[in-house]
Amino acid sequence: MDYGNDLKTLPVLGKYDIAALRFGYLRQVEVQKDETTTVVQNIASTLQDLQNAQPGLALKEYQYCTDENTGINAGCKRFDLGTSYTEIVQNLIKEYQEVYSQRNFRNGRAHMSLVDDVAYASRINGIFKELRIMTEVRERIKYRYRLADDAEEYKSVAFLKDLDDATKIGGAFLANVLMVPDLTCAIASAKTPNRIIGLLPIGDLDPDAISCFSADIQPAYVVVAQAGKMFNSKKDPNSTNAYMDQIDVRGYWIDKVMASRNLFRRQIGIFNFDRDNVDNYVNVDSLREPITDIVGNIMLGDVVAPLTFTFADGSTQEIEVPYDLSTSQVIAKPLIPQIGKVLGINEAAPTALQAVLAGQFVSGMADSTGAHEADRSLGMALSVRRYDSNQPLSTDVVSFTYGTTKFVAESQNALAKTVIDGIQTAQLLEKLPLDKVAGILKDKTAQKPMPETATAEEKAVWSLPIEKLRAVVDGEAKSSEELIRLLRLLPNSVE
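Residues numbered from 1 in each chain as written. Predicted model: local features only at pLDDT ≥ 70, side-chain atom pairs only at ≥ 80, totals over all residues. Heavy atoms only, no water.

Before going further, it helps to spend a moment on the overall build of the chain. The helix and strand inventory of the chain stands at 19 helices and 12 strands. Dimensions of the chain along its principal axes, counting C-alpha atoms only, are 110 × 55 × 45 Å. Counting over 495 residues, the chain shows a buried share of 41%. A separation threshold of at least 6 residues defines the contact pool for the chain, and within that pool the share at least 24 residues apart is 60%. Taking the average place of the 53 positive charges on the side chains of the chain and the average place of its 66 negative ones, the gap between the two points comes to 2 Å. (Helix = DSSP H or I, 4+ residues; strand = E, 2+ residues; numbered from the N terminus. Buried < 20%, exposed > 50% of the residue type's maximum accessible area, 1.4 Å probe, protein only. Contact = heavy atoms within 4.5 Å. Lys, Arg positive; Asp, Glu negative; His and termini not counted. Charge placed at Lys NZ, Arg CZ, Asp CG, Glu CD.)

The structure is reproduced here in structure tokens:
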């Protein structure tokens, strides 16, 4: 039978329902008259007798599946919409996005608890897993028929094109989940409300508010729009519920953790898919570079991308803006330690999402089967080596010592090398007042010679490229403290 939930139930019986009832009660079936036409035919005794009497008789085919096939067949799902893989994926994404305001907000419910974070994560993972299954089916066909990732069949064979498109749409969507910022407020002066003068994560504007429009701000400013989703769970400051576990909005960090898992893990817990091959979304050629770029941008913290802003009157507008994905993306300490253990975050302290994301990415790139050796370099680029501070090193590495730990970056540890170089440069620049750095920048830009009276610190700054000096003067350079924080978040290199 064609089942539906309360929102999707057909207003009439489905085509397969009608065919089953016609066969069961009227003893009639539809047969193909030609390629496009069917006719109803009576069955005098049994269906087998009818087929024996009319060799070559073609019954009308119906696409259907049974309960035991759900979960392992990308096109066999309960309560789905769509008649193709691509439509199924598009509708999964559409419904996920549309019900966010019902799913993640209390909306008058008597119970909405932090204790339910694991159950919520399971539901979200179920949605994302349905998207990932498209990749698993594509992978199985790819290896069985030895198709190159850019094989012509993905364009010329309708079935494969549909499956390929569905895979790419799902992967791009999961990667974009990682890019969603904390609820971000667009601020304007009260005198000129039509001109946005700044963007602030809601936690920086009003730590207690659950909407930018309800934030308590100085009267000289107004909130004109908001974008993103609340990263951490929060209770409405006007709530009269005394229980500490009760919340009014559930944090989007859980969705990000689940999206990351489904993007990078090589096995999804379904034996039929996990047995032979271990591709993940990074092994789809057209997704490889966009996904790794997104991961790199998130690790560096600052992103420039389009955001959809919602204004006070409900209207929306997409605007490309720079926004933060580092300091505002810190997962609060879990109420119950077990929640942290299940979801892979620190059980006893806040956890930077960057650390979770980098850990999942690096472990996902280390394929123990040896089938994806090229992926190891991607993982190495996002990791660092840690040694005791007294460990002697070769001369072809860069290092930075913090406390008793020596962070070591070899040639393959690209991000760590960049960060260590940045730390050393920032520490050098921080020895001089900003106005002194600005003066050196001005003189270097004008191609003036370095003064003979320059101190050792000033000489070192004079040796730096103009671009680095300009970034500091313009306030765009990260401080040594920020860079040290990022270095400590990087996972250990996996051999």
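The structure having been displayed, the exposition proceeds.
At a closest axis distance of 9 Å, the pairing of helix 9 (residues 253-264) and helix 13 (residues 353-365) adopts a crossing angle of 15 degrees. When the interaxial angle is binned, helix 9 and helix 13 end up roughly parallel. Crossing of helix 9 over helix 13 shows right-handed handedness. Facing Lys 256, Val 257, Ser 260, Arg 261 and Phe 264 of helix 9, the residues of helix 13 in contact are Leu 353, Val 356, Leu 357, Gln 360, Phe 361, Gly 364 and Met 365. A class-by-class count of the residues in the contact of helix 9 with helix 13 yields 7 nonpolar, 3 polar and 2 charged. (Axes fitted to C-alpha atoms, helices over the stretch in contact; angles between N-to-C directions. Parallel < 35°, antiparallel > 145°, perpendicular 65-115°, else oblique. Left-handed = near helix turned anticlockwise from the far one by under 90°. Nonpolar A, V, L, I, M, F, W, Y, C, P; charged D, E, K, R; others polar.)

Once that is clear, we can look at the packing of aromatic side chains. Per the counting criterion, the structure on display carries 7 aromatic pairs. Both rings, one in Phe 264 and one in Phe 361, keep their centres 5.1 Å apart while their planes meet at 90 degrees; by these two values the pair is edge-to-face. Note that Phe 264 is positioned in helix 9 and Phe 361 in helix 13, a separation of 97 residues in sequence. What links up through ring pairs into an aromatic cluster is the set Tyr 96, Phe 128 and Phe 173. Over the face of the ring belonging to Tyr 154 we find Arg 138, whose NZ or CZ atom lies 4.6 Å from the ring centre. Over the aromatic face of Tyr 252 sits the side chain of Lys 229, whose NZ or CZ is 5.3 Å from the ring centroid. (Phe/Tyr/Trp six-rings, centres within 6.5 Å; stacked < 30°, edge-to-face > 60°. Lys NZ or Arg CZ within 6 Å of the ring centre and 35° of its normal.)

Time to look at the sheet that holds strand 10 (residues 385-388). Pairing in this open sheet of 3 strands is antiparallel, and the strands run 10-12-11 from one edge to the other. Strand pairing shows two members of the sheet lacking a second neighbour, strand 10 and strand 11 (398-402), which therefore form its edges. Across the sheet, the mean angle separating the axes of adjacent strands is 30 degrees when strand polarity is ignored. The sheet strands contacting helix 19 (residues 480-489) are strand 10, strand 11 and strand 12 (405-409), and the helix crosses strand 11 at an angle near 100 degrees. (Pairing = 2+ DSSP bridges.)

On to the layout of surface pockets. Quantified by volume, the second largest pocket comes out at close to 760 Å³. Lining of the second largest pocket is provided by 30 residues; of these, Val 180, Ala 227, Gly 228, Lys 229 and Thr 308 occupy positions nearest its centre. Within the residue set of the lining of the second largest pocket, elements represented by two or more residues are helix 3 (85-98), helix 4 (100-103), helix 7 (158-178), strand 5 (221-227), strand 6 (302-311) and strand 7 (316-324). Looking at the lining of the second largest pocket residue by residue, the class counts come to 18 nonpolar, 9 polar and 3 charged. (1 Å grid on protein atoms, 1.4 Å probe; cavity = no way out; pocket = protein on both sides within 12 Å on 5 of 7 lines; lining within 4 Å. Points joined across faces, edges and corners; volume = space filled by probe spheres on them.)

Bringing the packing of helix 3 against helix 5 (residues 117-144) into the picture now. Helix-helix packing is characterised by the crossing angle of the two axes and by the distance between the axes. Following both chains from N to C, one finds helix 3 and helix 5 inclined at 160 degrees, their axes separated by 10 Å at the closest point. Comparing the axis directions of helix 3 and helix 5 gives the class roughly antiparallel. Seen along the crossing, helix 3 lies across helix 5 with a hand that is left-handed. For the pair formed by helix 3 and helix 5, the contact residues are Tyr 85, Ile 88, Val 89, Leu 92, Ile 93 and Tyr 96 on the first element and Ile 124, Ile 127, Phe 128, Glu 130, Leu 131 and Met 134 on the second. Within the contact of helix 3 with helix 5, the residues separate by chemical class into 11 nonpolar, no polar and 1 charged.

All right, on to the pattern of salt bridges then. Evaluation of the coordinates by the stated rule reveals 19 salt bridges. Salt-bridge contacts for Glu 136 lead to Arg 132; the nearest nitrogen and oxygen are separated by 2.7 Å. Here Glu 136 and its partner Arg 132 are both found in helix 5, 4 residues apart, which amounts to about one turn of the helix. Grouping residues by exposure puts Glu 136 and Arg 132 together as buried. A salt bridge links Asp 375 to Arg 288; the shortest N-O distance between them is 2.7 Å. Of this pair, Asp 375 sits in the loop between helix 13 and helix 14 (376-381) while Arg 288 sits in helix 11 (residues 285-300); the two residues are 87 residues apart in sequence, bridging distant segments of the chain. You can call Arg 288 partly exposed: its relative accessible area is 22%. (Salt bridge = Lys/Arg side-chain N within 4 Å of Asp/Glu carboxyl O.)

What follows covers the sheet that holds strand 5. For sheets, the rule is that strands pair by backbone hydrogen bonds, running either parallel or antiparallel. Reading across the sheet, the 5 strands line up as 4-3-5-6-7 and stay open at both edges, with antiparallel pairing between neighbours. Among the strands making up the open sheet, the edge pair consists of strand 4 (192-201) and strand 7. Along the sheet, successive strands turn relative to each other by an average axial angle of 45 degrees, direction set aside. Sheet analysis places strand 3 (residues 184-189) next to strand 5, joined by 6 bridges and oriented antiparallel. Its bridge partner being in strand 5, Ala 186 is matched across the sheet by Ala 225.

Turning to the nonpolar core, a few remarks are in order. Judged by nonpolar contacts, the single largest core of 89 residues is most densely connected at Phe 128, Phe 264 and Leu 487. No other element matches helix 5, which puts 9 residues into this core. What Phe 128 contacts, discounting residues up to four positions off in sequence, is Tyr 96, Phe 173, Leu 174, Val 177, Asp 255, Met 258, Ala 259 and Asn 262. With 12 residues, the next largest nonpolar core counts Leu 183, Ile 202, Val 223 and Met 230 among its residues. (Core = buried A, V, L, I, M, F, W, Y, C linked by side-chain atoms within 4.5 Å.)

As a further point, take the side chain of Asp 182. Within the secondary structure, Asp 182 is located in the loop between helix 7 and strand 3. Buried charge Asp 182 goes without a salt bridge, the closest partner of opposite sign being Lys 234 at 6.7 Å. At a separation of 2.8 Å, a polar atom in the side chain of Asp 182 contacts the main-chain amide nitrogen of Phe 231. Contacts of Asp 182, omitting those with residues within four sequence positions, involve Pro 201, Ile 202, Ala 227, Gly 228, Lys 229, Met 230, Phe 231, Ser 328 and Gln 329. (Polar contact = N/O pair within 3.5 Å; in protein donor to acceptor, adjacent residues only side chain to side chain.)

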